[in-house]
Amino acid sequence: MKEIELKMQGKIKRLTNRTFKFDERVGDGWFSAVYFLKTCKIAETHKPDNIVKMQFFQKKHAVLCGTDEAIALIKTFAKNPDQLEIYSLKDGDRVEPYETVLTIEGPYQNFGFLEGIIDGILGRRTSVATNVYNVVKAASTSGVQKPVIFMGDRDDHFTQQSGDGYSAYIGGSTAQATHAMNEWWGKRGMGTMPHALIQLFEGDVVEASKAYHKQFPEDDLIALVDYNNDVVTDALRVAREFGDLLKGVRVDTSRTLVDQYFWRNQDVLGKFDPRGVNPELIFALREALDEEGYHHVKIVVSGGFTKDRIQAFEEQRVPVDIYGVGSSLLHINIGFTGDNVILNGRPEAKKGRKYRHNDRLEKVD
């Protein structure tokens, strides 16, 4: 692995002293499309003095992310990187469709083979940041900003966690499931109990919670209460046991199940979809907790939440305090394109493309 410590100073305010780790084979072209490698060879032989400007853009309203990483890549693997002139927007900038976010100017053979890799970095990081931003925005529909926990550890290859966690942070999620997700922005992972802990105590949520609290007394106690598919009953059992020590309960009911609360109150069935974590279940849980004086206990929900589902919950004023979101945040739905648009100081690009000047770009020293 090859490491570079990025220390950005000057006008562009970036996260400083962050170490990126790259596979050394990037410099050998191992991850570059072969036609880029061949073009670099031809440029080096036949047009060594040509100076090109490459610009990068995408086609949606988005939250930009990945520029720090892309610049670190260029500084690490481009040939004679000090001869390149780079202008960039910042991670976290809101960008318009077709807006230029990054330009690189210099001999093509020095950096052209990195084009596809830069596209990929910007595409993934911006997709995750934008997805998280939209979910966080949806979680404020009711007028109160609800925290969003990024729980994407099980939805993609583990090697993606650091970059995805940073992208989620840029998008507005400051609570994340693993330490790796937090390492680029300096925090630690957070979380309480999975279903596996309750299984070890044969489904006894109270005993599992006691063990958790004894093992981690400094943590906020948030009990997972859907293991037995009886959310209200188990939430009240834990609340009665712990009182003020219980900070919250998490509901993660499978979309294939109907909670026992509805089988005890069958008169409501047929009026809505009773499966999974639904608004009526959360209303009932909040009411049951409040009736016994547990107003302080927060409700955390997870399991298949998306921007649209969160927005629907918020519009109905469902009493959720925190949302846990995973797979929907990792959809890669923004693609970047790098185009050569200037040749030796003159416009030169394929039909349909042109240099798009952007006053917001700032020089990277």
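Everything that follows concerns the structure shown earlier in this document.
J.: Is there a simple way to explain the sheet that holds strand 12 (residues 298–302) in this structure?
T.: Strand pairing in a sheet relies on backbone hydrogen bonds, with the paired strands running either antiparallel or parallel. Spatial ordering of the open sheet is given by 9-8-13-12-11-10, a layout of six strands whose pairing is parallel. Edge positions in the open sheet fall to strand 9 (175–176) and strand 10 (221–224), since each of these has one partner strand only. Examined bridge by bridge, strand 10 and strand 11 (residues 246–251) share four bridges and lie parallel to one another. For alanine 223, the partnering residue across the bridge sits in strand 11 and is valine 249. Here helix 9 (residues 231–242) sits on the sheet in contact with strand 10 and strand 11, set at roughly 165° to strand 11.

J.: Explain helix 4 (residues 115–138) to me, please; I cannot follow it from the model alone.
T.: Three- or four-residue spacings in an α-helix give side chains the same orientation, since the helix completes a turn every 3.6 residues. Over its 24 residues, helix 4 runs 34 Å from end to end, which matches the ideal 34 Å to within 8%, given 1.5 Å per residue. Among the 24 residues in helix 4, 19 count as buried, and that is most of the element.

J.: I'm lost on the sheet that holds strand 7 (residues 102–106) in this one. Help?
T.: Taken in spatial order, the six strands line up as 15-14-3-7-5-16 in an open sheet, and their pairing is antiparallel. Here the strands that pair on one side only, and so sit at the sheet edges, are strand 15 (346–347) and strand 16 (362–364). Alignment of strand 5 (residues 85–88) against strand 7, held across four bridges, turns out to be antiparallel. The partner of tyrosine 87 across the bridge, within strand 7, is threonine 103. Contacts between helix 4 and the sheet are confined to strand 3 (52–57), strand 7 and strand 14 (337–343), with strand 3 contributing the most and set at about 25° to the helix.

J.: Sorry, what's going on with the environment of alanine 72 here?
T.: Following the sequence through the fold, alanine 72 ends up in helix 2 (residues 67–77). For the pair alanine 72 and asparagine 278, spaced 206 residues apart in sequence, the C-alpha separation works out to 45 Å.

J.: I tried to follow the pattern of salt bridges on my own but got confused; where do I start?
T.: Close approach of charged atoms allows side chains with opposite charge to pair. Taken as a whole, this structure holds 21 salt bridges when the rule is applied. Two residues, aspartate 93 and lysine 90, come together in a salt bridge whose shortest N-O distance is 3.9 Å. Judged by its relative accessible area of 13%, aspartate 93 is buried. Taking relative accessible area as the criterion, lysine 90 reaches 25% and is therefore assigned partly exposed. Lysine 210 is paired through a salt bridge with glutamate 207; the nearest N and O atoms lie 3.3 Å apart. One end of the pair is lysine 210 and the other is glutamate 207, both in helix 8 (residues 205–215) and three residues apart, which spans about a single turn. Among the residues examined, lysine 210 registers a relative accessible area of 32% and is labelled partly exposed. Owing to a relative accessible area of 32%, glutamate 207 belongs among the partly exposed residues under this scheme. In the salt-bridge network here, residues are joined through shared partners; they are Glu69, Arg124, Arg125, Asp156 and Asp164.

J.: So what exactly am I meant to see when it comes to helix 9 here?
T.: Helix length check: helix 9, at 12 residues, gives a terminal C-alpha distance of 16 Å against a target of 16 Å (1.5 Å per residue), a fit within 8%. Of the positions making up helix 9, those classed as buried are Val231, Val232, Asp234, Ala235, Leu236, Val238, Ala239 and Phe242. Residues of helix 9 that are buried in the fold lie against helix 8, strand 10, strand 11, helix 10 (260–264) and helix 11 (279–291). The first or second residue beyond helix 9 is glycine 243, which carries a positive phi of 60°.

J.: For this particular structure, what's the right way to read the environment of tyrosine 98?
T.: Inspection of the secondary structure assignment puts tyrosine 98 in the loop between strand 6 (94–95) and strand 7. Take tyrosine 98: its relative accessible area is 38%, and that puts it in the partly exposed class. Note: C-alpha distance between tyrosine 98 and arginine 356 (258 residues apart in sequence) is 8.3 Å. Setting aside anything within four residues of it in sequence, one finds tyrosine 98 in contact with Phe57, Gln58, Lys59 and Arg356.

J.: So what exactly am I meant to see when it comes to the nonpolar core here?
T.: If you look at the biggest cluster of nonpolar residues, it comprises 52 residues, and the most contacted ones within it are Leu246, Val249, Ile282, Leu285, Leu289 and Tyr323. The dominant element in this core, judged by the number of residues it contributes, is helix 9, at seven residues. Counting 43 residues, the second largest nonpolar core, distinct from the first, contains Phe20, Val52, Cys65 and Val101.

J.: Help me understand the side chain of aspartate 91 in this model?
T.: By the secondary structure assignment, aspartate 91 is in the loop between strand 5 and strand 6. On the basis of relative accessible area, aspartate 91 is assigned to the buried category, the value being 15%. Only 3.0 Å separates the side chain of aspartate 91 from the backbone nitrogen of glycine 66, close enough to count as a polar contact. At a separation of 2.6 Å, a polar atom in the side chain of aspartate 91 contacts the side chain of threonine 67.

J.: Can you walk me through the pairing of strand 10 in this structure?
T.: Neither face of strand 10 is exposed, since Leu221 and Ala223 on one face and Ile222 and Leu224 on the opposite face are all buried. At this point the chain moves from strand 10, through helix 9, to the parallel strand 11, and the crossover so formed is right-handed.

J.: Any chance you could explain the packing of aromatic side chains here in plain terms?
T.: Each pair of aromatic rings is reported with the distance of its centres and the angle of its planes. A complete count under the given rule lists 13 aromatic pairs for this structure. With a centroid separation of 4.8 Å and an interplanar angle of 70°, the aromatic rings of tyrosine 35 and phenylalanine 36 are classed as edge-to-face. Since its relative accessible area comes to 57%, tyrosine 35 is described here as exposed. Measuring from ring centre to ring centre gives 5.4 Å for tyrosine 261 and phenylalanine 262, while their planes differ by 75°; the resulting arrangement is edge-to-face. Ring pairing ties together the aromatic residues Phe20, Phe22, Phe77, Tyr166 and Trp184, which thus form one cluster. Above the plane of the ring of phenylalanine 305 lies arginine 309, whose end atom (NZ or CZ) is 3.9 Å from the centre.

What counts and what doesn't
Residues numbered from 1 in each chain as written. Predicted model: local features only at pLDDT ≥ 70, side-chain atom pairs only at ≥ 80, totals over all residues. Heavy atoms only, no water. Pairing = 2+ DSSP bridges. Helix = DSSP H or I, 4+ residues; strand = E, 2+ residues; numbered from the N terminus. Contact = heavy atoms within 4.5 Å. Axes fitted to C-alpha atoms, helices over the stretch in contact; angles between N-to-C directions. Expected span 1.5 Å × (residues − 1). Buried < 20%, exposed > 50% of the residue type's maximum accessible area, 1.4 Å probe, protein only. Salt bridge = Lys/Arg side-chain N within 4 Å of Asp/Glu carboxyl O. Core = buried A, V, L, I, M, F, W, Y, C linked by side-chain atoms within 4.5 Å. Polar contact = N/O pair within 3.5 Å; in protein donor to acceptor, adjacent residues only side chain to side chain. Right-handed = clockwise from strand over helix to strand, strands pointing away. Phe/Tyr/Trp six-rings, centres within 6.5 Å; stacked < 30°, edge-to-face > 60°. Lys NZ or Arg CZ within 6 Å of the ring centre and 35° of its normal.

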